[in-house]
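Each chain is listed here by its residues.
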Amino acid sequence: MALAMDNDLKEKLISSEKEQLSEFKGSISEESKKIWKIALPGIISRVASFGTVVVTQSFIGHLSAVDLAGYALVQSLSVRFVDGILLGMSSATETLCGQAFGAKQYHMMGIFLQRSWLVDLITLTILLPVFILATPIFKLLGEEEAIAKSAGYISLWFIPFVYSLFFSLTIQMYLQAQQKNIVIAWLSTMQFVIHIPLSWLFVYKLNWGVSGAMGALCISSWSLVVGEFVYIFGGWCPKTWKGFTTAAFKDVLPVVKLSISSGGMVCLELWYTAILVLLAGYMQNAKVYISAFSICLNITAWELMISFGMMGAACVRVANELGRGDAKAVKFSIKVLTSTSISIGPLFWILCLVFGNKIGYLFTNDEEVASSVTDLSILLAFSVLLNSIFPIFSGIAIGAGLQTTVAIINVVCFYIIGIPIGALLGYLTHLQVKVISCFSIFGKKERIIQKILHLHLNILH
């Protein structure tokens, strides 16, 4: 009798464990579906949109080594400087809209979007001298005259591009918060598909050179914005878009404060690599180092768009669950998000190691530049590997409204640790740009550690 009871108890325990395991797997599956529903369209849209920038670099790189270096300076410094501010300030839209959607205050999402347009438009207009005065700025910073002149011309072409950027960024975050960003994926794919043949037509068939490549970039970027406007104004967001309203001009100060905090957090991430490109310009054979380092950074950034898609999912999931007041769901979502993102990195790490000696030729015919890219390919691979981790923690922080503290973490890891040590060793050793790349990776590693500690203390508890 006792033996039979023991067997029954064991069977019940085993059955209970199986049920718990099945329930746990079901919870992971359900959360993964929610994450990928947000992340996949975000990944497609970001990869396609940034792909137009990379394709433009490739077309210009096959025209002239000087113009490639000029494009690298503008895209890595001026555009990244402004893009960092706009992307950071736009993430306030992501936080506010995500929490409003979670709290079912749908009417506020359209108002938050309009407030972001107002704040970002004023900010971008104030920053225009960065593009208009590019040549004297780069000369003042000590860059070679030929590169500075090329950069000044290319910089003027980037003005319409950055104006399209602030619309597309804010709209993407507005739609993503209500899980309607599949339309962004389709529109961004259309943008990329249009951009390649348009660039080929303008550059090679019409022989418009650099002007043709930049003109194609402007046209394709605005095609995305027009498509977004049609979707929103055409009635596909009936709950969240009630038309333009004067309410957008009220209570702007809280949006400005959150935008500044968000802008500071993202700017400090993007400006770090911009400063590294600038440092490369002060080294011997600046044309080669600027071009090679910029190519590696753009490849890293292109792969980073996948992680940014996951970051967007992290922001939305955390913001939605916080809006509902479900702390347990926030903790579980963070665990699934982190595990998913970390599993992606090794694939691209292997690809960079295998094809590292061929990557440079996609962007230039210059043997020196291509060879320099090959030399940096191992460092590029490890940088790509770390990219799969840290954006998740940024997304969690944005969703929770913890941008200010993360900005402080970025200052310490990148600007107090990474840049000074990398610059010092880069100039004192024969390794030059390799050392700067090493400390770019070191800065990322330190930031990951700091963010894990911060998020553990402030969110998980």
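Residues numbered from 1 in each chain as written. Predicted model: local features only at pLDDT ≥ 70, side-chain atom pairs only at ≥ 80, totals over all residues. Heavy atoms only, no water.

**Examining the overall build of the chain**
What counts here: Think of it this way: any DSSP run of H or I at least four residues long counts as a helix, any run of E at least two long counts as a strand, and we number them from the N terminus. Summary of the burial criterion: residues with accessible area below 20% of their type's maximum are buried, those above 50% are exposed, and those between are partly exposed, where the area comes from a 1.4 Å probe applied to protein chains only. It only takes one pair of heavy atoms within 4.5 Å for two residues to be counted as in contact. Note on areas: these come from Shrake-Rupley sampling with a 1.4 Å probe, and a residue is covered only by the protein chains present in the view.
When you go through the chain residue by residue, the secondary structure sums to 16 helices and zero strands. Relative to its full complement of 461 residues, the chain shows a buried share of 58%. A separation of at least 24 residues holds for 85% of the contacts in the chain among residues at least 6 apart in sequence. Of the roughly 19400 Å² of accessible surface on the chain, 70% is carried by carbon and sulfur atoms.

**As for the packing of helix α3 (residues 107-126) against helix α6 (residues 145-177)**
Rules: Helix axes use the C-alpha atoms of the stretch in contact, all axes being lines fitted to C-alpha atoms, and the angles between their N-to-C directions lie in the range 0 to 180 degrees. These descriptions rest on fixed angle ranges, namely under 35 degrees for roughly parallel, over 145 for roughly antiparallel, 65 to 115 for roughly perpendicular, and the rest for oblique. Each crossing gets its handedness from the near helix: less than a right angle anticlockwise from the far helix is left-handed, clockwise is right-handed. Residue type decides the class: Asp, Glu, Lys and Arg count as charged, Ala, Val, Leu, Ile, Met, Phe, Trp, Tyr, Cys and Pro as nonpolar, and the leftover types, Gly among them, as polar.
Running from N to C, α3 and α6 cross one another at 160°; their axes reach a closest spacing of 10 Å. With respect to their mutual orientation, α3 and α6 come out roughly antiparallel. Viewed along their axes, α3 and α6 form a crossing whose handedness is right-handed. From α3, M109, G110, L113, S116, W117, D120, L121, L124 and T125 reach across to α6, where they touch V162, Y163, F166, F167, T170, I171, Y174 and A177. Taken together, the residues of the contact of α3 with α6 break down into twelve nonpolar, four polar and one charged.

**Observations concerning the environment of S221**
Put simply, the rule reads: For the purposes of these results, a polar contact is taken to be a pair of N or O atoms within 3.5 Å, where, inside protein, one atom must be able to donate a hydrogen and its partner to accept one; residues adjacent in sequence count only when each atom of the pair is a side-chain atom.
The residue S221 is located in helix α8 (residues 209-236) in this model. Judged by its relative accessible area of 4%, S221 is buried. The spacing of S221 and F161 is 60 residues in sequence and 6.5 Å in space, taken between C-alpha atoms. When sequence neighbours within four positions are dropped, the list of residues in contact with S221 reads F161, S164 and Q191. Of the polar contacts made by the side chain of S221, one reaches the side chain of S164; its length is 3.3 Å.

**Considering a nonpolar patch on the surface**
The line we're drawing: Two joining distances apply to patches: 9 Å for like charges and 5 Å for nonpolar side chains (Val, Leu, Ile, Met, Phe, Trp, Tyr), and every residue must have over 30% relative accessible area and no salt bridge. What makes a salt bridge here is a side-chain nitrogen of Lys or Arg within 4 Å of a carboxyl oxygen of Asp or Glu, nothing more.
Where nonpolar side chains cluster on the molecular surface, the patch consists of L347, I350, L351, L353, V354, F355, I378 and F382 and spans about 720 Å² of accessible area. Elements represented by at least two residues in the nonpolar patch include exactly α11 (327-355) and α13 (377-387). Here the nonpolar patch takes six residues from α11, the largest share from any one element. Along the chain, L347 falls in helix α11. For L347, a relative accessible area of 52% puts it in the exposed group.

**Some thoughts on the side chain of T170**
Mapped onto the secondary structure, T170 falls in helix α6. There is a polar contact of 3.1 Å between the side chain of T170 and the backbone oxygen of F167. Those residues in contact with T170 that sit more than four places away from it in its chain are S90, T93, L113, S116, W117 and D120.

**Some remarks on the confidence of the model for the chain**
The criterion, for reference: Confidence scores labelled pLDDT are given residue by residue by the predictor and lie between 0 and 100.
Averaged over all residues, the pLDDT of the chain is 76; the fraction at 70 or higher stands at 72%. The secondary structure element of the chain with the lowest average pLDDT is helix α16 (residues 433-458), at 45, and the one with the highest is α8, at 94. Under a pLDDT of 50 for its full length, residues 433-461 has, in the predicted model, 84 contacts with residues more than four places off or in other chains.

**Structural notes on α3**
Inclusion rule: Every helix has an expected span of 1.5 Å times one less than the residues it contains.
Its 20 residues give α3 an end-to-end C-alpha distance of 30 Å, which sits within 8% of 28 Å, the value for a rise of 1.5 Å per residue. In terms of residue burial, α3 counts as a mostly covered element, since 14 of its 20 residues are buried.

**As for the pattern of salt bridges**
If you walk through the whole model with that rule in mind, you get two salt bridges. Between K139 and E145 there is a salt bridge, and its shortest N-O distance comes to 3.9 Å. K139 gets classed as partly exposed once you look at its relative accessible area, which sits at 38%. Among the residues examined, E145 registers a relative accessible area of 47% and is labelled partly exposed. A salt bridge links E145 to K149, with the nearest nitrogen and oxygen atoms 3.3 Å apart. Residue E145 and its partner K149 are both found in helix α6; the two are separated by four residues, about one turn of the helix. In this structure K149 comes out as partly exposed when scored by relative accessible area, which is 49%. One connected set of salt bridges, linked through shared partners, spans K139, E145 and K149.

**Comments concerning the environment of T95**
Mapped onto the elements, T95 comes out in helix α2 (residues 65-102). Once the C-alpha coordinates of T95 and Y174 are considered, the two residues, 79 residues apart in sequence, prove to be 9.5 Å apart.

**Comments concerning the packing of aromatic side chains**
Rule in force here: For this analysis, a ring pair means two rings from Phe, Tyr or Trp (six-membered ring only for Trp) whose centres lie within 6.5 Å, classed as stacked if their planes differ by under 30 degrees, edge-to-face if by over 60, and tilted for the remaining angles.
Under the criterion given, the structure shown has 17 aromatic pairs. Aromatic pair W241 and F244: ring centres 5.2 Å apart, planes at 85°, arrangement edge-to-face. Under the relative-accessibility criterion, W241 is labelled buried at 11%. Following the ring pairs from residue to residue traces out a cluster consisting of W117, F166, F167, W222, F229, F233, W241 and F244.

**Section: the environment of F382**
One can find F382 in helix α13. The class of F382 is partly exposed, set by a relative accessible area of 37%. Residues F382 and P346 lie 36 residues apart in sequence; the distance between their C-alpha atoms is 9.3 Å.

**Considering the packing of α2 against α3**
Closest axis-to-axis distance for the α2/α3 pair is 9 Å, and the angle between their directions is 165°. Considered as vectors, α2 and α3 are oriented roughly antiparallel to each other. In terms of crossing hand, the pair formed by α2 and α3 is right-handed. From α2, V82, I85, L86, M89, S90, T93, L96, C97, A100 and F101 reach across to α3, where they touch M108, M109, F112, L113, S116, V119, D120, T123 and L124. Of the residues contributing to the contact of α2 with α3, the split by class is 14 nonpolar, four polar and one charged.

**Focus on unusual backbone geometry**
We note that K104 has phi near 65°; this positive angle belongs to a residue other than glycine. Even without a glycine there, the phi angle at N207 is positive, about 55°. Judged by relative accessible area, which is 62%, N207 ranks as exposed.

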